[in-house]
Amino acid sequence: SQTIHQWPATLVQPVGSPLSLECTVEGTSNPNLYWYRQAAGRGLQLLFYSVGIGQISSEVPQNLSASRPQDRQFILSSKKLLLSDSGFYLCAWRPGSLNSPLHFGNGTRLTVT
Amino acid sequence: SQELEQSPQSLIVQEGKNLTINCTSSKTLYGLYWYKQKYGEGLIFLMMLQKGGEEKSHEKITAKLDEKKQQSSLHITASQPSHAGIYLCGAARRNAGNNRKLIWGLGTSLAVNP
């Protein structure tokens, strides 16, 4: 069966520090991968998605970037964190079929101080 | 304004009571997804509805899709404390490039009092 791992679960970082959140999927190949941010009262905001290695689509301009160095690995990064980057970050995957539901990781609570 | 409106925003029910959560779209629905989230955790997939009139059940949770009304309802029968959490609906949309994307409601927070 397929599983998705996301880490760390919580992170407290000072403003201006770098960020690296990692997500890996097991038990499938060539998944579509997604990074979402969830802010209180604002729902889920799609940040990036990837349909293949090295293929990254950005949904909103921001202080973040994403990379997919391997088929089942998706990384969310920032060179310098802002206070506004605080939030709950969720990685998700689904098979290539667009009719399949998303499956989410357990999320990372990021607090920028 | 939200493309997907969920109602109510929050709900408190007594254990054993039935309840309904609605998800209404301002545009045509191509697919509707229901998820449950415990605070601070990821989203758990519940059900996916794709055709008008479609109805699916998972244990005591039933979801229906009314395509004409552009609405889906999630009904929980004989609620239990384990049903507590945030319920989110997501819908597939076609963007300007005719690509599908998912949009989300803001969620309905459910508390079940024993």
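Let me begin by describing the structure that accompanies this report. Note that the structure is a prediction, hence the values are computed from the model and not measured. Residue numbers restart at each chain and count upward from 1, following the sequence in its written direction. For this description, chains carry letters from A and ligands carry numbers from 1, given in the order in which they are written. It should be noted that, the model being predicted, local features are given only for residues of pLDDT at least 70 and side-chain atom pairs only at 80 or more, the latter also being counted only at that level, while totals for whole chains, interfaces and linings use all residues. By convention in this description, side-chain values take in all heavy atoms of the structure and omit both hydrogens and water.

Attention now goes to the interface of chain B and chain A. If you look at the interface, chain B gives 18 residues, while chain A gives 19 residues. Buried area: the accessible area, evaluated with a 1.4 Å probe, that two parts lose upon being put together, summed over both parts. In total, about 1,500 Å² of surface goes out of reach between chain B and chain A, with carbon and sulfur atoms giving 56% of it. A side-chain nitrogen of Lys or Arg and a carboxyl oxygen of Asp or Glu constitute a salt bridge if their distance falls within 4 Å. Viewed at the interface, chain A and chain B are joined by zero salt bridges. In protein, a polar contact requires one atom able to donate a hydrogen and another able to accept it; more generally it is a pair of N or O atoms within 3.5 Å, and residues adjacent in sequence count only if both atoms are side-chain atoms. Across the chain B-chain A interface, the total number found is four residue pairs in polar contact (both at pLDDT 80 or more). Listing elements by their share of the side of chain B that touches chain A, those giving two or more residues are strand S4 (32-37), strand S5 (43-49) and strand S10 (100-104) of chain B. Top contributing element to the side of chain B that touches chain A by residue count: S10(B), with four residues. Whether two residues are in contact is decided by their heavy atoms: any pair within 4.5 Å suffices. For the purposes of this entry, the term helix denotes a DSSP run of H or I that reaches at least four residues, the term strand denotes a run of E that reaches at least two, and both are numbered from the N terminus.

Let us look at the side chain of A:Ser50. Residue and element names in this part refer to chain A. You can see Ser50 is positioned in strand S5 (residues 43-52). Reaching out from Ser50, the side chain makes a polar contact with the backbone oxygen of Gly52 at a distance of 2.9 Å. Side-chain polar atoms of Ser50 contact the backbone oxygen of Gln55, separated by 2.6 Å. Setting aside anything within four residues of it in sequence, one finds Ser50 in contact with Pro31, Asn32, Leu33, Gln55, Ile56, Arg68 and Phe74.

It is worth spelling out the sheet that holds strand S7 (residues 61-66) of chain B at this point. All names here are of chain B. Whether two strands pair depends on DSSP finding at least two bridges between them. Pairing within the open sheet is antiparallel, and its five strands lie in the order S1-S3-S8-S7-S6. Across the chains shown, the open sheet's two edge strands, defined by having one partner strand only, are strand S1 (4-7) and strand S6 (55-58). Taking the axes of each pair of neighbouring strands and ignoring which way they run, one obtains an average angle of 15° across the sheet. Here S1 runs beside strand S3 (residues 19-25); their pairing, made up of four bridges, is antiparallel. By the bridge assignment for S3, Ser7 is matched with Asn22. Every axis in this analysis is a line fitted to C-alpha atoms, fitted for helices over the stretch in contact. Angles between the N-to-C directions lie between 0 and 180 degrees.

What follows is about the pattern of salt bridges. Considering all chains together, one arrives at four salt bridges over all chains under this definition. With a shortest N-O distance of 3.9 Å, A:Asp85 and A:Arg37 are connected by a salt bridge. Highlighted residues: A:Asp85 in the loop between strand S8 (73-78) and strand S9 (87-94) and A:Arg37 in strand S4 (residues 32-39), separated in sequence by 48 residues. By relative accessible area, which is 4% here, A:Asp85 ends up buried. Note that B:Glu55 and B:Lys64 form a salt bridge whose closest N and O atoms lie 3.9 Å from each other. On the accessibility criterion, B:Glu55 (47% relative accessible area) is partly exposed. The classification of residues rests on relative accessible area computed with a 1.4 Å probe and restricted to protein chains. Under 20% of the type maximum is buried, over 50% is exposed, and intermediate values are partly exposed.

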